[in-house]
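The primary structure of each chain is shown beneath.
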Amino acid sequence: MNYVPPSPSADTDAFPFDNSFARLPQQFFARVDPTPVAEPWLIKLNRPLAEELGLDIGTLERDGAQIFSGNSVPAGAAPLAMAYAGHQFGTFVPQLGDGRAILLGEVIDRNGRRRDIQLKGPGQTPFSRRGDGRAALGPVLREYIVSEAMHALGIPATRALAAVVTGQPVYREQILPGAVFTRVAASHIRVGTFQFFAARGDMASVQALADYAIDRHYPDAKNDERPYLAFFKAVVARQAALIARWLHVGFIHGVMNTDNMTISGETIDFGPCAFMDAYDPKKVFSSIDQFGRYAYASQPAIGQWNLTRLAETLVPLFDPVAATAVDLANDVLGEYGAIFQRHWLDGMRRKIGIVGEEEGDLDLVQALLTAMHQGEADFTLTFRKLCASAADPAADAALASLFAAPAGLTTWLSDWRKRLAREPGASDERASAMRAVNPAFIPRNHRIEQAIVAATGEADFSLFEALVDVTSRPYEDQPRFAAYADPPQPEEEVQQTFCGT
Ligand code: AMP
Ligand code: MG
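In this text the structure is predicted, and so the values were computed from the model without any measurement.

## Topic: the overall build of the protein
Thought 1: Helices and strands together make up the secondary structure of the protein, namely 15 helices and 12 strands.
Thought 2: A globule of 501 residues ought to have a C-alpha radius of gyration of about 23 Å, and the protein, at 23 Å, matches this closely.
Thought 3: Counting only C-alpha atoms, the protein reaches 65 × 60 × 40 Å along its principal axes.
Thought 4: Within the protein, the proportion of its 501 residues that are buried is 57%.
Thought 5: Partitioning the intrachain contacts of the protein with sequence separation of at least 6 by distance along the chain shows that 71% fall at a separation of at least 24.
Thought 6: Roughly 19,900 Å² of accessible area belongs to the protein as shown, and the carbon and sulfur atoms make up 52% of that amount.

## Observations regarding the coordination of the magnesium ion (ligand 2)
Thought 1: Taken together, N260 (OD1) and D269 (OD) make up the protein donors of the magnesium ion (ligand 2), found 1.9 to 2.1 Å from the metal.
Thought 2: Of the residues examined, D269 reaches a relative accessible area of 13% and is grouped as buried.

## Some remarks on the environment of S128
Thought 1: Structurally, the position occupied by S128 is in the loop between β7 (114-120) and β8 (135-136).
Thought 2: Apart from residues lying up to four places away in sequence, S128 is in contact with G99 and G133.
Thought 3: Within the local environment of S128, its side chain forms a polar contact with the backbone nitrogen of T125, the two atoms lying 2.8 Å apart.

## Overview of the domain arrangement of the protein
Thought 1: Under the domain assignment, the protein is made up of domain 1 (7-188) and domain 2 (192-350).
Thought 2: On a C-alpha basis, the centroid separation for the pair domain 1 and domain 2 is 23 Å.
Thought 3: Listed by partner, the interface residues are 38 residues for domain 1 and 40 residues for domain 2.
Thought 4: The junction of domain 1 with domain 2 conceals about 3,200 Å² of combined surface from both sides, 63% of it contributed by carbon and sulfur atoms.
Thought 5: Of all residues in domain 1, F28, H87 and F89 bury the most surface against domain 2, accounting for 21% of the area lost on that side.
Thought 6: Here domain 1 and domain 2 share four salt bridges between them.
Thought 7: For D116, the salt bridge goes to R216, with nearest N and O atoms at 2.6 Å.
Thought 8: Run the count over domain 1 and domain 2 and you get 17 residue pairs in polar contact (both at pLDDT 80 or more).
Thought 9: Within the residue set of the side of domain 1 that touches domain 2, elements represented by two or more residues are β4 (86-88), β7, α3 (137-153) and β10 (175-185).
Thought 10: Per-element tally for the side of domain 1 that touches domain 2: the top contributor is α3, with six residues.
Thought 11: Classifying every residue of the side of domain 1 that touches domain 2 gives 18 nonpolar, 12 polar and eight charged.

## Some points on unusual backbone geometry
The general pattern is negative phi for most residues beyond glycine and trans for most peptide bonds.
Thought 1: Positive phi is not limited to glycine here, since R129 has a value of about 50 degrees.
Thought 2: Position of R129 relative to the elements: it lies in the loop between β7 and β8.
Thought 3: Here R129 falls in the exposed class, since its relative accessible area comes to 58%.
Thought 4: With a phi angle near 50 degrees, A459 is a residue other than glycine that sits in the positive phi range.
Thought 5: Topologically, A459 is positioned in the loop between α14 (445-458) and α15 (462-470).
Thought 6: Exposure remark for A459: the relative accessible area of 54% places this residue in the exposed category.

## Observations concerning helix α13 (residues 427-435)
Thought 1: Taken as a whole, α13 has its buried residues at R430, A431 and M434. For α13, the angular spread of buried residues about the axis comes to 100 degrees, placing them on one side. Projecting away from the buried face of α13 at angles above 90 degrees are the exposed residues D428 and E429.

## Regarding the nonpolar core
Thought 1: If you look at the biggest cluster of nonpolar residues, it comprises 133 residues, and the most contacted ones within it are F194 and F231.
Thought 2: For this core, the element with the most residues is helix α6 (residues 227-248), which contributes 13 residues.
Thought 3: When residues of this core are sorted by domain, at least three fall in each of domain 1 (7-188) and domain 2 (192-350).
Thought 4: Apart from the residues within four sequence positions on either side, F231 is in contact with F194, A210, A213, I214, Y218, A221, I263 and L314.
Thought 5: Counting 22 residues, the second-largest nonpolar core is a separate cluster that includes F15, L45, L55 and V107.

## What about the packing of α3 against α15?
Thought 1: Taken N-terminus to C-terminus, the directions of α3 and α15 make an angle of 20 degrees; their axes are 9 Å apart at the nearest point. Classified by the angle their axes make, α3 and α15 are roughly parallel. Crossing hand, α3 versus α15: right-handed. The segment α3 lies against α15, with L141, Y144 and I145 engaging F464, L467 and V468.
Thought 2: Split into classes, the residues belonging to the contact of α3 with α15 amount to six nonpolar, no polar and no charged.

What counts, and at which threshold
Residues numbered from 1 in each chain as written. Chains lettered and ligands numbered in written order. Predicted model: local features only at pLDDT ≥ 70, side-chain atom pairs only at ≥ 80, totals over all residues. Heavy atoms only, no water. Helix = DSSP H or I, 4+ residues; strand = E, 2+ residues; numbered from the N terminus. Rg over C-alpha atoms; globule rule 2.2 N^0.38 Å. Buried < 20%, exposed > 50% of the residue type's maximum accessible area, 1.4 Å probe, protein only. Contact = heavy atoms within 4.5 Å. Areas by Shrake-Rupley, 256 points an atom, 1.4 Å probe, with all protein chains shown as cover. Donors = N, O, S within 2.8 Å, 3.2 Å for Na, K, Ca; no water. Polar contact = N/O pair within 3.5 Å; in protein donor to acceptor, adjacent residues only side chain to side chain. Domains from an automatic or database assignment. Buried area = accessible area lost by both parts, 1.4 Å probe. Salt bridge = Lys/Arg side-chain N within 4 Å of Asp/Glu carboxyl O. Nonpolar A, V, L, I, M, F, W, Y, C, P; charged D, E, K, R; others polar. Arc of directions from axis to C-beta. Core = buried A, V, L, I, M, F, W, Y, C linked by side-chain atoms within 4.5 Å. Axes fitted to C-alpha atoms, helices over the stretch in contact; angles between N-to-C directions. Parallel < 35°, antiparallel > 145°, perpendicular 65-115°, else oblique. Left-handed = near helix turned anticlockwise from the far one by under 90°.

This is the structure we're talking about:
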């Protein structure tokens, strides 16, 4: 079955919807409307994103609370909950689906890209199981802050269009204010979406989904002699590149289940995610990740594990001869490590100001990471301060002050400078190139926590606003916000993060 792009909607209301997923066969989703809430109030509207999507700003400013709470469904929407399955912490769950999310529909943005607009926390759907379909304010703010920060860092991620409080409590371990988050994504197709149909032996649907995903995300694959293999290869390449980018900024996703891995290559589901402060490759934040399955340095391998699960769903489409199909899949999976390593090392080279390539670069990068680990140095600040050291060795003292034990760093700096001597370009140009890849500001976990506490306790959104603002320009020195670059004081440190459930 081939996906045929629908003709543009005649609707000229606030949202120029053009819904293609809703035209897929009925087993792909359940049509369901949001459940109205008592007293919605708009916390934040992302105006630049709304403009990029071609939405009517006037309407959103007037009716945003009603629209983004789900109380008023905009004309042209086709609200639905998507079906998907997934491996959660390695265990397969044949049916998950949008239990607390409803896709309103799709728009074609100003750049001609099709984007999903989805409400998170709008009430129950047929996939809610025992859940209430609701979201608490804290996770909504965390997702808003982190997804926008990832985008500003230049890392593919779903976006935050709006956040509202509902005026209704949600019941978790405590009673918390309810909220709804509006997420924008290239699409919400996940590895788990393929698994949903494969687990049912419904290969026709797997193929229909693959055709849809190819049309939407990888149209070039259609010209390949093996379109489904080319599609799989492209997904593998995007995920390898994405996970390398996470490592470059110290990001820990926290819940890399196969239902939380997109086909488009965007980071999705900012549940228990966090950026690490002191460098530790084994770092875990998520309260539910007891065995460190999704630790910082385990993420590349987990990416490959998840992609192997995707391959298992697609293999019959690769070749009619099973053995050949499996060989083809294994060849592609076998390339993952090298693709990841190339992206990772390229990015790490740039972080330390190297544009050329030498044999010893990997060891040089690894030696810095070892010194950082031993010195318990802050990941983000080490690289940011290294930019100043690239321009002037007088800055080394400030860099060394980040290290509990600076001996390893001192040796490393001298090796680094020998390597830089073989690089082209002036040192101040190198320093500014490094500043463009080493952020000064990331949404530090203790800052997120402070913003959530103020918003939840006192309905004070000023810390949330400030954090969104400062992390929207991560590579600029913003002296006014200097304190936001600092790691937590010991008493501010946050050891655990929680899922939105
Ligand atoms: P997540 O941990 O966000 O990846 O969600 C895993 C699964 O649990 C998905 O199928 C969600 O839709 C579902 N889920 C999480 N929270 C809720 C909730 N409050 N109500 C209903 N379903 C939920
Ligand atoms: Mg999820």
